[in-house]
Amino acid sequence: MSAVEYAVENEVAVLTVAYPPVNALSLAVRTGLAEGLARALADSGVKAVVVIGGGSTFIAGADISEFGTPNSAAEPRLQTLQAQFEASPKPIVAAIHGTALGGGLELALTAHARVAVASAKVGLPEVKLGLLPGAGGTIRLPRLTGVEVALEAVTTGRHLGAVEAERLGVIDAIVDDLRAGSVAYALKLATDGAPAPVRDRNDKVSGVDPKVFDDFRAKNRKKWRGQIAPARIVDVIEAATNRSFDEAKAYENQAFGELMASDQRKALIHYFFAEREARKIPDVPAEVKPLPVRKVVVIGSGLMGGGIAMSFANAGIAVKLLDVNAEALERGMAAVRKTYETSLSRGSISQAQMDERLGRIQPIGGYDDLGDVDMAIEAVFEDMALKQEIFALLDKATPPHAILGTNTSSLDIDQIASATSRPDKVIGAHFFSPANVMKLLEAVRGSQTSAETIATVMALGKQIGKAPVLAGNCDGFIGNRMLQYYTVNAEYMLERGATPEQIDRVAEAFGMAMGPLAMRDLAGMAQAVNVRAVRKKTLPVDERMPELVERMVEAGRIGQRSGSGFYRYEGRDRLPDPEAIAIITAEAQRQGIEQRTFTDEEILARLFHPLVNEGAKELEEGIAIRASDIDVAWVNGYGFPIHTGGPMFWGEQIGLDKVLETARVLGAENGQTRWGPSKLLERLVAEGKGWKDAPALIAQGL
Ligand code: 3H9
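Quick notes on the rules
- Residues numbered from 1 in each chain as written.
- Predicted model: local features only at pLDDT ≥ 70, side-chain atom pairs only at ≥ 80, totals over all residues.
- UniProt positions renumbered as here; feature names shortened; annotations may be inferred.
- Helix = DSSP H or I, 4+ residues; strand = E, 2+ residues; numbered from the N terminus.
- Contact = placed C-beta atoms within 7 Å.
- Axes fitted to C-alpha atoms, helices over the stretch in contact; angles between N-to-C directions.
- Parallel < 35°, antiparallel > 145°, perpendicular 65-115°, else oblique.
- Left-handed = near helix turned anticlockwise from the far one by under 90°.
- Core = buried A, V, L, I, M, F, W, Y, C linked by C-beta atoms within 7 Å.
- Buried ≥ 20, exposed ≤ 12 C-beta atoms within 10 Å, placed from the backbone.
- Pairing = 2+ DSSP bridges.
- Near = placed C-beta within 6 Å.
- Domains from an automatic or database assignment.
- pLDDT = per-residue confidence, 0-100.

- The protein chain carries the name 3-hydroxyacyl-CoA dehydrogenase in an unreviewed UniProt entry, which gives Caulobacter rhizosphaerae as its organism.
- UniProt annotates the protein chain under Catalytic activity (unreviewed entry) with the comment "a (3S)-3-hydroxyacyl-CoA + NAD(+) = a 3-oxoacyl-CoA + NADH + H(+)".
- Among the UniProt annotations of the protein chain, the heading Pathway (unreviewed entry) holds the following wording: "Lipid metabolism; fatty acid beta-oxidation."

Written out as structure tokens, the structure is:
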């Protein structure tokens, strides 16, 4: 069957792209469209053409899985098809529902008009794949929207809703009945005459002040740190204003080719598929259907509980926010309202959206009214006895089908589940703060968690816009278990003579939003001392906990809020502080550690290689299913730069042998038990293999 169906309706040829799941522009689709257009042009009974998507969407872009294969370069290439669209004597209308993204929108921009339903979205998200629009998007979009809108839209890759897109000139009409409305629109163009192709509309791209581009570059330099694509996008959009269409197009082709060959593109496409793969759980077969979740209760109205409640409310799911402490509940609801008000004042939501979302959150003071919930998520502080008490109450108060989730970041899921009569329905649902913003949802399976429970939480995570990753039940799960190595190692390096500025500069240049020591100052150190006191008791005998945080707290330097920590602060500005260095040096002397200098390269290795080593141990132990799941967790929960593909992909790109070498050095320095090399890593390096070979090696036994 062809990937494009042909039908004639009211003298209009309707080309329906039928290539699930997202009608991507594979060779089959491009061929089908070219054949359909030729047939329509040859058909004397046809006056106009409509291109529409079959199934749930228009065309979501080039077929990413085709990149690098011969099919991607085979004719008809997208640009050939676009030239045929623009040359068509019969008007062509793109009829858009679902999404028109990347090459899909670029194709639509070569139609004579774009008609959409109100729920449709359009966008050029190539930047998220480390690319730029390669089929004229950078040159045609500004011709419709003007340069400033195009710069923002293409460098962020944001999806524009149809209503906004109509206001910006990208969509020509919004209709209720897409097929009928588009056919009527196409006939009207055939009668009244079609507008000039977008490529010939020059008014919005002529006479643009070059300062617009320089200002935009300057404004975003920090945000784009480490990424190649956004700056190239600005270059090509600028070219659209000072070169002819064809010259600008040639420049876009060249820049697209460069990005296509870049490591960042490889990393970002790895990440794209990793996020989708993470939702597939090998021992949860596709036949196991997720339960519908219509109403949720969140227990605990603190920062975390409120954020989790907002995540549901924002996705249209009704939520009860439960706190037995009336004052805390009031404070929690006030904090939720304040967050929405901030979004409203920034223009990111409308008053109506705010009212609707707030209206979905019902504060409740007890467990009497939970007969209608499909899921509970407990988000109280980390105390096993308290959690068990709450789970026993939930077990009685919620319907038998309800899933009981815990937001614990460290406690044993099985122990929590043992307080209920339904351990198969108990699961970790670990959100990251602020939960309404952060995308990671670490689902944690206990020994009895059922396939249906897992399927439900993974599907629910996607539904509320999170990136769900399934972890096994261990201390710290996937993410926090690795985090310790990053933060503790920064302190070991300080003891040995690196400075806070140097360590943070290296981390930030790599792409972390904030280095580990600035982060420590921001989070505040007083609390950390308590957590560390507990952790210290469980350390293996061959390991010593660095005590710099303790020394800082003793000196009254508890972080940014107190004006000093590893740095001193003037307002928000962090400044190097000789006093902090003196405390570090004194502590090093007390510990008998000789200080030395570090190169940036060594700091980078010591900060990030241990993450990869620990990730490998998680694979060995079955805590993480795939290396790529760890990437998804670290990108979304810890701000690991997405353009590296995540720690595990990055580790493989730079060479697992280098990671192993660092693990050997750190094992000798800091204690073999936890810092020494992963067996899996040793095997992979010895056999010249990579993560894809890990499952087989693990199955054989390491
Ligand atoms: C481009 O267009 C370059 C041009 O400028 C130049 C060309 C010369 N290709 O996300 P979902 C698969 S670059 C192949 O779970 P949703 C996806 O892997 C492209 N496959 O669904 C998954 O497969 P599976 C610019 C694709 O409803 C399934 O579809 N376009 C593609 O949550 C469902 O995906 C983009 O960057 C693709 N393009 O979201 C758009 N897209 O079921 C990328 C999806 O086996 N796509 N798949 O795991 C998206 O943003 C989302 O997928 C979309 C649907 C919003 C469309």
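**Re the environment of alanine 376**
Alright, step 1. With respect to the helices and strands, the residue alanine 376 is situated in strand β13 (residues 375-378).
Alright, step 2. Those residues in contact with alanine 376, other than ones at most four positions away along the chain, are Val297, Ile299, Leu394, Thr398, Ala402, Leu404 and Gly405.

**Some remarks on the packing of helix α14 (residues 326-346) against helix α15 (residues 351-359)**
Alright, step 1. Their axes nearest at 10 Å, the elements α14 and α15 cross at an angle of 165°. Looking at the two axes, α14 sits roughly antiparallel to α15. Seen from above, α14 lies across α15 with right-handed handedness. Facing Arg337, Tyr340 and Leu344 of α14, the residues of α15 in contact are Gln351, Met354, Arg357 and Leu358.

**Looking at the UniProt feature "domain: 3-hydroxyacyl-CoA dehydrogenase C-terminal" (unreviewed entry) in the protein chain**
Alright, step 1. Following the UniProt record, the feature "domain: 3-hydroxyacyl-CoA dehydrogenase C-terminal" (unreviewed entry) maps to residues 476-569 and 603-689 here.
Alright, step 2. With 59% helix and 2% strand, residues 476-569 has end C-alpha atoms that lie 31 Å from one another.
Alright, step 3. What you have in residues 603-689 is 76% helix and 0% strand, and the ends, taken at the C-alpha atoms, are 26 Å apart.

**Focus on the nonpolar core**
Alright, step 1. In this structure, Val49, Val93 and Val298 are the most contacted members of the largest nonpolar core, which totals 202 residues.
Alright, step 2. Considering every element that reaches this core, the biggest residue donor is helix α25 (residues 600-621), with eight residues.
Alright, step 3. Among all residues touching valine 49, those that are not within four sequence positions of it are Val12, Ala13, Leu15, Leu37, Ala40, Lys90, Ile92 and Ala186.

**What about the pairing of strand β1 (residues 4-9)?**
Alright, step 1. Relative to strand β2 (residues 12-17), β1 is paired through six bridges, and the arrangement is antiparallel. Bridge pairing links valine 8 to alanine 13 in β2.
Alright, step 2. Counting the residues between successive antiparallel strands, the hairpin from β1 to β2 contains two residues, one of them, asparagine 10, with a positive phi of roughly 50°.

**Thoughts on the sheet that holds strand β7 (residues 121-123)**
The pairing of strands in a sheet happens through backbone hydrogen bonds and is either parallel or antiparallel.
Alright, step 1. Read across the sheet, three strands follow the order β5-β7-β8 without closing on themselves; strand pairing throughout is mixed. The open sheet has two edge strands with one neighbour each: β5 (99-101) and β8 (160-161).

**Quick word on the environment of aspartate 577**
Alright, step 1. Relative to the helices and strands, aspartate 577 is located in the loop between β19 (573-575) and α24 (578-590).
Alright, step 2. Classification of aspartate 577 as partly exposed rests on a count of 18 C-beta atoms within 10 Å.
Alright, step 3. Among residues more than four places away in sequence, those in contact with aspartate 577 are Ser564, Tyr567 and Arg568.

**Regarding the site of the ligand**
Alright, step 1. Surrounding the ligand, one finds 24 residues, the nearest of these being Gly61, Ala62, Gly102, Gly103 and Gly134.
Alright, step 2. When residues of the shell around the ligand are traced back to their parent elements, those giving at least two are β5 and α4 (103-108).

**Some remarks on the packing of helix α19 (residues 479-495) against α25**
Alright, step 1. One can describe the packing of α19 onto α25 by two numbers: an axis separation of 9 Å at closest approach and a directional angle of 155°. Relative to α25, α19 is oriented roughly antiparallel. α19 and α25 meet at a crossing whose hand is right-handed. Where α19 approaches α25, its residues Arg481, Met482, Tyr485, Tyr486, Asn489, Ala490 and Met493 are matched on the opposing element by Ile603, Arg606, Leu607, Pro610, Leu611, Glu614, Gly615 and Glu618.

**A closer look at the domain arrangement of the protein chain**
Alright, step 1. Assigned domains of the protein chain: these are domain 1 (4-259), domain 2 (295-474), domain 3 (480-598) and domain 4 (601-700).
Alright, step 2. Using C-alpha coordinates to define each centre, domain 1 is positioned 40 Å away from domain 2.

**A look at the pairing of strand β16 (residues 440-445)**
Alright, step 1. The element β16 is extensively covered by neighbouring structure, given that six of its six residues are classed as buried.
Alright, step 2. Across the two faces of β16 the burial is the same, with Leu440, Glu442 and Val444 and Leu441, Ala443 and Arg445 all buried.
Alright, step 3. In this structure, strand β15 (residues 426-431) lies alongside β16, joined through five bridges in antiparallel fashion. Its bridge partner being in β16, histidine 430 is matched across the sheet by glutamate 442.
Alright, step 4. Both β16 and strand β17 (residues 467-471) contribute to a ladder of five bridges, which runs parallel. The partner of glutamate 442 across the bridge, within β17, is valine 469.

**Side note on the confidence of the model for the protein chain**
Alright, step 1. Overall, the prediction assigns the protein chain a mean pLDDT of 96, with 100% of residues at 70 or greater.
Alright, step 2. Complex prediction metrics read pTM 0.94 and ipTM 0.99.

**Looking at the sheet that holds β1**
Alright, step 1. Read from one edge of the open sheet, six strands run β1-β2-β3-β4-β6-β9, paired in mixed fashion. If you trace the sheet from one side to the other, it starts and ends with β1 and β9 (173-174), each paired once.
Alright, step 2. Of the strands in this sheet, β1, β2, β3 (48-53), β4 (92-96), β6 (113-116) and β9 are in contact with helix α8 (residues 178-192), which crosses β3 at around 155°.

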